[in-house]
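Secondary and tertiary structure notes
Single-letter residue listing:
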Amino acid sequence: IVDRRDLLFLPALRMNARMGLTELGKLTGFPISSIHERLKVYDKTKLVKRYTALLDFMSLGYGIRALFFVVAHKQKRDVLRSFLSVFPAVNTLAKINHGYDFFVDAVFRSMQDVDAFKELICQEYGVKDVQIHYVIEGIKEEGFFMKDD
């Protein structure tokens, strides 16, 4: 499904999904009609999952970013997964391996909120073990398949 044209076009789209068709055409050298058709194909095939904005959580008052590595009781794993999938503070949720069930990237306003979240998942959702790591500094985000500057 991905051809040589896509390898030129997709990085430009990743850099700025709000870019207009004319600007994308100038940047990639493709006619607007081709770009429009490619976008329709991406949407239809789900190659592009969604067009989104990367937010500065700190500016929104969420100064704590915590990374949780979670081990759940087998009987409660599905219930925990469902809960984490809709919990507002959870930014990213992934099923992982090597003795852990889930990786949870979440943002919080305070350490008290982190502690309350940890207590909730441990007491109500059968978490057997949880390791928490805090992001001190974000160094690179969403950098894969980006056009070289």
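Attention now moves to the overall build of the protein. Broken down by element type, the protein carries 5 helices and 4 strands. Its helices and strands taken in sequence order, the protein reads α-α-α-β-α-β-β-α-β from the N to the C terminus. Computed over its C-alpha atoms, the radius of gyration of the protein comes to 20 Å, more than 25% above the 15 Å expected for a compact globule of 149 residues. Projected onto its principal axes, the C-alpha positions of the protein cover 55 × 35 × 25 Å. Across the 149 residues in the protein, those meeting the buried criterion constitute 30%. Sequence-distant contacts, at least 24 apart, represent 67% of the contacts inside the protein between residues at least 6 apart. Put simply, the protein shows about 10500 Å² of open surface, and 54% of that area lies on carbon and sulfur atoms. Distance between charge centroids for the protein: 7 Å, based on 22 positive and 19 negative side chains.

As a further point, take the pattern of salt bridges. In a structure, side chains of opposite charge can pair up when their charged atoms sit close to one another. By the definition in use, this model includes 7 salt bridges. Between Arg14 and Glu142 there is a salt bridge, and its shortest N-O distance comes to 3.1 Å. Of this pair, Arg14 sits in helix H1 (residues 4–15) while Glu142 is found in the segment after strand S4 (127–134), placing the two residues 128 residues apart along the sequence. Accessibility expressed as a relative area gives 35% for Arg14, which makes it partly exposed. Here Glu142 falls in the partly exposed class, since its relative accessible area comes to 46%. Note that Arg77 is salt-bridged to Asp101, the shortest N-O span being 3.1 Å. Taken together, the residues Arg77 in helix H4 (residues 77–86) and Asp101 in the loop between strand S2 (90–95) and strand S3 (102–108) connect sequence positions 24 residues apart. For Arg77, a relative accessible area of 28% translates into the label partly exposed. Classification of Asp101 as buried rests on a relative accessible area of 12%. Within this structure, Arg65, Asp105 and Glu141 form a network of salt bridges that share partners.

Take the packing of H4 against helix H5 (residues 111–124) next. Remark: H4 packs on H5, axes separated minimally by 11 Å, with the N-to-C direction vectors making an angle of 155 degrees. Judged by the inter-axis angle, H4 sits roughly antiparallel to H5. Where H4 approaches H5, its residues Leu80, Phe83 and Leu84 are matched on the opposing element by Phe117, Leu120 and Ile121.

With that settled, the discussion passes to the side chain of Asp105. Here Asp105 is to be found in strand S3. At 2.6 Å, the side chain of Asp105 forms a polar contact with the side chain of Arg65. The residues contacting Asp105, other than those within four sequence positions of it, are Arg65, Ala66, Leu67, Ala89, Val90, Asn91 and Thr92.

The next point concerns the pairing of S3. For S3, the buried fraction is high: 7 of the 7 residues fall into the buried class. Neither face of S3 is left uncovered, since the one carrying Phe102, Val104, Ala106 and Phe108 and the one carrying Phe103, Asp105 and Val107 both have all their residues buried. Strand direction decides the pairing type here: strand S1 (residues 64–72) and S3, joined by 7 bridges, are antiparallel. Residue Leu67 lies in a different strand from S3, and its bridge partner there is Asp105. Examined bridge by bridge, S2 and S3 share 5 bridges and lie antiparallel to one another. Residue pairing across strands places Thr92 opposite Asp105, the latter belonging to S3. Where S2 folds back onto S3 in an antiparallel hairpin, the turn is made up of 6 residues, including His98, whose phi is positive at roughly 60 degrees.

Each value, and the rule that gives it
- Residues numbered from 1 in each chain as written.
- Predicted model: local features only at pLDDT ≥ 70, side-chain atom pairs only at ≥ 80, totals over all residues.
- Heavy atoms only, no water.
- Helix = DSSP H or I, 4+ residues; strand = E, 2+ residues; numbered from the N terminus.
- Rg over C-alpha atoms; globule rule 2.2 N^0.38 Å.
- Buried < 20%, exposed > 50% of the residue type's maximum accessible area, 1.4 Å probe, protein only.
- Contact = heavy atoms within 4.5 Å.
- Areas by Shrake-Rupley, 256 points an atom, 1.4 Å probe, with all protein chains shown as cover.
- Lys, Arg positive; Asp, Glu negative; His and termini not counted.
- Charge placed at Lys NZ, Arg CZ, Asp CG, Glu CD.
- Salt bridge = Lys/Arg side-chain N within 4 Å of Asp/Glu carboxyl O.
- Axes fitted to C-alpha atoms, helices over the stretch in contact; angles between N-to-C directions.
- Parallel < 35°, antiparallel > 145°, perpendicular 65-115°, else oblique.
- Polar contact = N/O pair within 3.5 Å; in protein donor to acceptor, adjacent residues only side chain to side chain.
- Pairing = 2+ DSSP bridges.

What is shown is where atoms sit, not what they do.
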